[in-house]
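One-letter residues, chain by chain:
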Amino acid sequence: MASAEKQVPPPDIAEPEPADGAEAEADAFRLTRNLGDRGPSLSERLSDRLDRLSFASPFHRMRLKGRFPLKLIAVPEDPVPGDPAIAQRLKGGRLFRGGYGQGMLEARLDHPEAPESWRQWVHGWGWLRDLSMVELSAPEAARAEALARRWLARFHDYDEEAWAPEATGTRIQMAILHAPLVMPGKDHVHRSAVLNGIARWSRHLDRAAPRMQPGLPKLAAVSGLVAAALMLPGGDERLSRSLALLDEVLAALLNADGAPLARSPLDLARIADQMLVLAAFHAARMQKPSDPVARTLELARTTLGALALGDGIPAAWHGGQPDAAQLQRLGVAVLDAPPPRSSGFQRLSAGGVRLIVDAGPPPPARLNPATHASTLAFTFSDGGRPLVVSCGAEQGSQGPRGFPPELVMGLRSTAGHSTLVLADTNSSRLHDGGPRRLGGVEEVLVEARLTRDGQWLEGRHDGYRRRHGYDHLRRLWLNPDGTDLRGEDHLLPVKGTLALVRQREALPLAIRFHLGPGATATPTQDGRGALIRIPGQGRDPAIAWAFRASFNHAPGLLAIEPSLFVDSEGATHEIQQLLLTTLVEPGKPADVSWSFKKQ
């Protein structure tokens, strides 16, 4: 990896001195967005379409025939709980999820007006996991069995959506994990239909799963193959093939050091949850987890622990955020080890302070279509209480939260994070389901250093270079006891860029610091700072931090404005933000210095 360019620090942050009389070693490298934001190629889309057409053919229907399994070898215990609130709706006879519902006995299971997430939940039989959270009377259990019977009758043969590989892999796992609920044994014809269904779905995945593009849907499909191989008699040959395919899928989702290529803590937690489920299947066969499962679980725990803030939960990055219950079942604990370099995240920590910086380009859209334009944003906690946050995420452990599209795009925007915004534009273009266009951060230069004076981090990205002719450089310094955080944001004109030549008017510059729930800011008399108070919580006393800003190139303003925060459980909170605004003259550099000091 190439080194970051050396920059001379301005007077606000002094040049770092060597640690213990020796030269401080700098860790400098470059992260690039190799795949850009292009989706699948034309040939890949054509191949996928041809596959789906072939699956609907009589020839593929012949492939699905084979021996009928008479029983399951074992029934594992599902380690991932369902949603109790959804369970109560199901108990009352409603297929309700994500704000949409139908009656269980009269539902049109492929209703075109139903949200896609609802249809995937129905076709993946995810309602079995939710329904397992409550005690059922005999009529309520019979209703669940009747729903499965209706689905089997309606989608006995291939259907493009109902038999999609992701839904099929999930359906196999749910049918096995919750077999006592879906086939209690009283109706032997129905029991045979479910077992035969699992066998036919597995044969379908034998062909469909290997041809999928890398991603979480492929992981769900391959996991269904592993589950069927472990729990249907005579599955040894399929098991060896599916475990090899699982290893291949995980290699496309995770770097060797455990960092997810999608750069999303929620995606990493979902991968770990899937490994927990597969470990339960192995345990039901009295086996140790396979090497891919055990290795991935350990890497996920380590990476999530390194990304966690003081409250033990990673911040919301690139589409989602795991919650406390999900992290607890995965066995995640806050770690002192730094995040993996390939994760694109950097951490500064001292005393009770933990600060996580998004120091990498957005992930490729083909791996994560819900990326955030958050490069060089940071989150910052003092003990277990967040001081600086992003505005949150549109997805949690239970899936999409059903927010309006405007709010979803706001949470993903650069303004929804604690960083610099130039000309009211995102540092990277956000994919909204339409045509993908290149634009935004393609390269980030990072330099980190530890000295006797504290921890230093410098990051530079090119997200505004093509559109406005500037690079954004952010420097951070944290003192050894974690009571003094100083930062600088620079806009550096890049010579030779067409956008810089065309610039005729001053551009607006804004730097935001979204404050955590409960934090209140009071402006100082001179208008250049604010006192941030966080009330006491349990045994934790009240704390206060003083914020100061200095506009070094042109006059600027500090304002305290309302903002919004979505926590890891999906609840929304009204919060405050510190907003620094100024102007950037055409072709001129700009820099703003700021600091947080504990009182």
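Residues numbered from 1 in each chain as written. Predicted model: local features only at pLDDT ≥ 70, side-chain atom pairs only at ≥ 80, totals over all residues. Heavy atoms only, no water.

1. Some words on the overall build of the protein
- Along its length, the protein carries 17 helices and 21 strands.
- What you see for the protein is a C-alpha radius of gyration of 26 Å, in line with the 25 Å of a compact globule of 599 residues.
- Dimensions along the principal axes, computed over C-alpha positions, put the protein at roughly 80 × 55 × 50 Å.
- Every one of the 599 residues in the protein was classed for burial, and the buried ones make up 56%.
- If you take every contact in the protein between residues at least 6 apart in sequence, the share linking residues at least 24 apart comes to 70%.
- If you average the places of the 70 positive and of the 68 negative side-chain charges in the protein, the two averages end up 6 Å apart. (Helix = DSSP H or I, 4+ residues; strand = E, 2+ residues; numbered from the N terminus. Rg over C-alpha atoms; globule rule 2.2 N^0.38 Å. Buried < 20%, exposed > 50% of the residue type's maximum accessible area, 1.4 Å probe, protein only. Contact = heavy atoms within 4.5 Å. Lys, Arg positive; Asp, Glu negative; His and termini not counted. Charge placed at Lys NZ, Arg CZ, Asp CG, Glu CD.)

2. Quick word on the layout of surface pockets
- One number sums up the size of the second largest pocket: a volume of about 610 Å³.
- Those elements that place two or more of their residues in the lining of the second largest pocket are helix H3 (84–91), strand E2 (94–97), helix H14 (324–330) and strand E9 (399–400). (1 Å grid on protein atoms, 1.4 Å probe; cavity = no way out; pocket = protein on both sides within 12 Å on 5 of 7 lines; lining within 4 Å. Points joined across faces, edges and corners; volume = space filled by probe spheres on them.)

3. Let's talk about the packing of aromatic side chains
- Across all of its chains, the model carries 18 aromatic pairs by this definition.
- Aromatic side chains Trp-151 and Phe-155 sit 5.0 Å apart centroid to centroid with 45° between the ring planes, which places their arrangement in the tilted category.
- Given the relative accessible area of 1%, Trp-151 is considered buried.
- Here the aromatic rings of Phe-378 and Trp-594 are separated by 5.8 Å at their centres, their planes lie at 20°, and the arrangement is stacked. In this pair, Phe-378 is assigned in strand E6 (residues 378–382) and Trp-594 in strand E21 (residues 590–598), connecting sequence segments 216 residues apart.
- Here the aromatic cluster, defined as three or more aromatic residues joined through ring pairs, consists of Phe-378, Phe-380, Phe-513, Trp-545, Phe-547, Trp-594 and Phe-596.
- Its guanidinium or amino end placed over the ring of Trp-201, Arg-171 lies 4.4 Å from that ring's centre, counting from NZ or CZ. (Phe/Tyr/Trp six-rings, centres within 6.5 Å; stacked < 30°, edge-to-face > 60°. Lys NZ or Arg CZ within 6 Å of the ring centre and 35° of its normal.)

4. Section: H3
- For H3, the complete set of buried residues consists of Ile-86, Ala-87 and Leu-90. All buried residues of H3 project into a common sector of 105° when viewed along the axis, lining one side.
- Check the buried side of H3 and you find it contacts E2, helix H4 (116–123), helix H5 (126–131) and helix H6 (138–154).
- Where H3 starts, the residue carrying a side-chain oxygen 2.9 Å from the main-chain nitrogen of Ala-85 turns out to be Asp-83.
- Looking one or two places after H3, you find Gly-93, whose phi comes out positive at around 95°. (Arc of directions from axis to C-beta. Polar contact = N/O pair within 3.5 Å; in protein donor to acceptor, adjacent residues only side chain to side chain.)

5. A few points about the pairing of strand E12 (residues 454–461)
- Across the eight residues that make up E12, a large majority, eight, are buried.
- Sheet topology note: the strand E11 (residues 443–451)/E12 ladder contains eight bridges and is antiparallel. When the bridges of E12 are listed, Leu-450 appears paired with Gln-455.
- Sheet analysis places E12 next to strand E13 (residues 470–478), joined by seven bridges and oriented antiparallel. Counted as the bridge partner of Arg-460 is Leu-473 from E13. (Pairing = 2+ DSSP bridges.)

6. As for empty space enclosed by the protein
- Counted according to the given criterion, the structure contains two cavities of 30 Å³ or more.
- One number sums up the size of the second largest cavity: a volume of about 40 Å³.
- Looking at the second largest cavity, the residues that line it are Val-357, Ala-359, Leu-376, Leu-457, Glu-458, Gly-459, Arg-474 and Leu-476.
- Mapped by element, the contributors of at least two residues to the lining of the second largest cavity are E12 and E13.
- Top contributing element to the lining of the second largest cavity by residue count: E12, with three residues.
- When grouped by side-chain class, the residues that make up the lining of the second largest cavity number five nonpolar, one polar and two charged. (Nonpolar A, V, L, I, M, F, W, Y, C, P; charged D, E, K, R; others polar.)

7. Remarks on the environment of Gly-396
- Along the chain, the position of Gly-396 falls in strand E8 (residues 395–396).
- C-alpha of Gly-396 to C-alpha of Pro-322: the two residues are 74 residues apart in sequence and 5.9 Å apart in space.

8. Brief notes about the pattern of salt bridges
- Throughout the structure, instances matching the rule amount to 26 salt bridges.
- The salt bridge partner of Arg-238 is Asp-206, with a shortest N-O separation of 2.8 Å. Taken together, the residues span a long stretch of sequence, with Arg-238 in helix H11 (residues 236–253) and Asp-206 in helix H9 (residues 188–208) at a distance of 32 residues.
- The class of Arg-238 is buried, set by a relative accessible area of 15%. (Salt bridge = Lys/Arg side-chain N within 4 Å of Asp/Glu carboxyl O.)

9. Considerations on the confidence of the model for the protein
- Summary statistics for the protein give a mean pLDDT of 89 and a share of 93% for residues scoring 70 or more.
- Note on residues 1–12: pLDDT is under 50 here. Beyond four places in sequence and across chains, it has 35 contacts. (pLDDT = per-residue confidence, 0-100.)

10. Observations concerning the nonpolar core
- The biggest cluster of nonpolar side chains holds 86 residues, and the ones touching the most others in it are Leu-95, Trp-125, Trp-127, Trp-151 and Leu-246.
- Among residues more than four places away in sequence, those in contact with Leu-246 are Leu-219, Val-222, Ser-223, Met-275, Leu-278, Pro-292 and Val-293. (Core = buried A, V, L, I, M, F, W, Y, C linked by side-chain atoms within 4.5 Å.)

11. Examining helix H13 (residues 291–307)
- The first and last C-alpha atoms of H13 sit 24 Å apart over 17 residues, in line with the 24 Å expected at 1.5 Å per residue.
- Within H13, burial applies to Pro-292, Val-293, Thr-296, Leu-297, Ala-300, Thr-303, Leu-304, Gly-305, Ala-306 and Leu-307.
- Along its buried surface, H13 packs onto H11, helix H12 (265–284), H14, strand E4 (345–350) and strand E5 (353–358). (Expected span 1.5 Å × (residues − 1).)

12. A few points about the side chain of Glu-458
- Structurally, Glu-458 is set in strand E12.
- Among the polar contacts made by the side chain of Glu-458, one reaches the side chain of Arg-475 at a distance of 2.8 Å.

13. Description of the environment of Thr-170
- With respect to the helices, strands and loops of the structure, Thr-170 is situated in helix H7 (residues 165–177).
- Considered as a pair, Thr-170 and Ala-227 are 57 residues apart in the sequence and their alpha carbons are 9.8 Å apart.
- Apart from residues lying up to four places away in sequence, Thr-170 is in contact with Gly-124 and Ala-220.

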